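# Structure assessment
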Amino acid sequence: MNHNKGRSMFLVLCIAPATILFFLFMILPTLNVFRMSLFERGAYSPNETFVGLKNFQQLFSDTQFIRSMQNMILLVVFVTIITFGFALVFAAILTREKIRGQNFFRVVFYIPNILSVVVISGIFSAIYKPENGMLNSLIGLFRDMSNPILWKGEKLVIPSLIIAMVWQAIGYYMVMYMASMSAVPESLYESASLDGASRVTQFFQITIPLIWTNIRTTLTFFIISTINMAFLFVKAMTSGGPNGASDVALNYMYSQKDAGLYGYSMAIGVVIFVFSFALSAVVNRATEREPLEF
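Residues numbered from 1 in each chain as written. Predicted model: local features only at pLDDT ≥ 70, side-chain atom pairs only at ≥ 80, totals over all residues. Heavy atoms only, no water.

Counting secondary structure elements, the protein contains 12 helices and 2 strands. Secondary structure of the protein in N-to-C order comes out as α-β-β-α-α-α-α-α-α-α-α-α-α-α. Taking 294 residues into account, the globule formula puts the C-alpha radius of gyration at 19 Å, and the protein, at 24 Å, lies well above it. Burial analysis of the protein (294 residues in total) assigns 38% to the buried set. On the protein, roughly 17,400 Å² of surface is accessible, and the fraction owed to carbon and sulfur atoms is 67%. (Helix = DSSP H or I, 4+ residues; strand = E, 2+ residues; numbered from the N terminus. Rg over C-alpha atoms; globule rule 2.2 N^0.38 Å. Buried < 20%, exposed > 50% of the residue type's maximum accessible area, 1.4 Å probe, protein only. Areas by Shrake-Rupley, 256 points an atom, 1.4 Å probe, with all protein chains shown as cover.)

Shown next as structure tokens:
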């Protein structure tokens, strides 16, 4: 009895610090965001005026906020699809094909992931520079560039951000999938080959189903983290410009806070939180399937 009591006390003492810190720095601030979204208050003023759902009503008639949400959703959808598609294909090639220097390619693909967003944004800003950027210089070898392409202009800024974000993320997930694919027994592929299955068929019928649990976990994590990464890339590369064409919801939230609309910015935070939670629930539900064993 005393042994069980002592063990319970030891577990409580081990868990208590992390639980207290999580409550103080995660739960309380999150609850306060919900509370503040119902008030009208300046960023540096202690005075609060209860306005109920007025901030939310104003949000859904705010065209700039709607545009920033659309941009965020576009980035999440396209960056996720492209990143996971290429990561899976590259992982399969480097795992199953006899390619020289596999470890070299692993390192090369992984390098962007260890660079900071500011460094990557600086690299791609230089590449996209209209006058003498690398991209326009290469295109100039084949066509007249008297009117340089504005890669960070209103029409192309979102695709330009997508390319930068994919380049940053692809190596990390490729290495993760390579580890999962390496655990798939080679005998399964040999049996499929004897039955006449092509490499592509084996990829979709054997590889993907057997590593699906890993794909599902990383997919949920990546989608949520992309919301934050989109904000960081936009802040570092475009600051939401030109004319709000690359603005995302988190960036717009901070701009409203800086403008002194603290309660309004908290309402934006609530919408982003609910959107993230709902999106992760939908993805988890949509990707749920019976796990396969081998």
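Now that the structure has been shown, we can carry on.
This part covers the pattern of salt bridges. Where charged atoms from two side chains of opposite charge approach closely, those side chains can pair. What the rule picks out here adds up to 5 salt bridges. Residue Lys-257 is joined to Asp-258 by a salt bridge in which the shortest nitrogen-to-oxygen separation is 3.0 Å. Accessibility expressed as a relative area gives 24% for Lys-257, which makes it partly exposed. (Salt bridge = Lys/Arg side-chain N within 4 Å of Asp/Glu carboxyl O.)

Soluble globular proteins tend to pack their nonpolar side chains together in the buried interior. By size, the foremost hydrophobic cluster in this structure holds 69 residues, and its most contacted members are Tyr-177 and Phe-233. By residue number, the principal contributor to this core is helix H7 (residues 157–182), which donates 14 residues. With near-sequence residues (within four places) excluded, Phe-233 lies in contact with Val-117, Ile-120, Ser-121, Leu-161, Ala-164, Met-165, Gln-168 and Thr-238. (Core = buried A, V, L, I, M, F, W, Y, C linked by side-chain atoms within 4.5 Å. Contact = heavy atoms within 4.5 Å.)

This paragraph deals with the packing of aromatic side chains. Summed over the entire model, instances satisfying the criterion amount to 17 aromatic pairs. Where Phe-124 meets Tyr-128, the ring centres are 5.8 Å apart and the plane angle is 45 degrees; that geometry is what we call tilted. Both residues of the pair, Phe-124 and Tyr-128, belong to the buried class. Their ring planes at 80 degrees and their centres at 5.1 Å tell us that Phe-203 and Phe-204 sit as a pair that is edge-to-face. You can call Phe-203 buried: its relative accessible area is 14%. Through a chain of ring-to-ring contacts, the aromatic side chains of Phe-84, Tyr-110, Tyr-172, Tyr-173, Tyr-177 and Phe-222 assemble into a single cluster. Positioned above the aromatic ring of Phe-39, the side-chain terminus of Arg-35 is 5.3 Å from the ring centre. Its guanidinium or amino end placed over the ring of Tyr-189, Arg-96 lies 3.7 Å from that ring's centre, counting from NZ or CZ. (Phe/Tyr/Trp six-rings, centres within 6.5 Å; stacked < 30°, edge-to-face > 60°. Lys NZ or Arg CZ within 6 Å of the ring centre and 35° of its normal.)

Let us look at the packing of helix H3 (residues 63–96) against helix H9 (residues 199–210). At their nearest, the axes of H3 and H9 sit 12 Å apart, and the two run at 105 degrees to each other. Put simply, H3 runs roughly perpendicular to H9. Seen from H3, the contacting residues are Leu-88, Val-89, Ala-92 and Arg-96; seen from H9, they are Arg-199, Gln-202, Phe-203 and Ile-208. (Axes fitted to C-alpha atoms, helices over the stretch in contact; angles between N-to-C directions. Parallel < 35°, antiparallel > 145°, perpendicular 65-115°, else oblique.)

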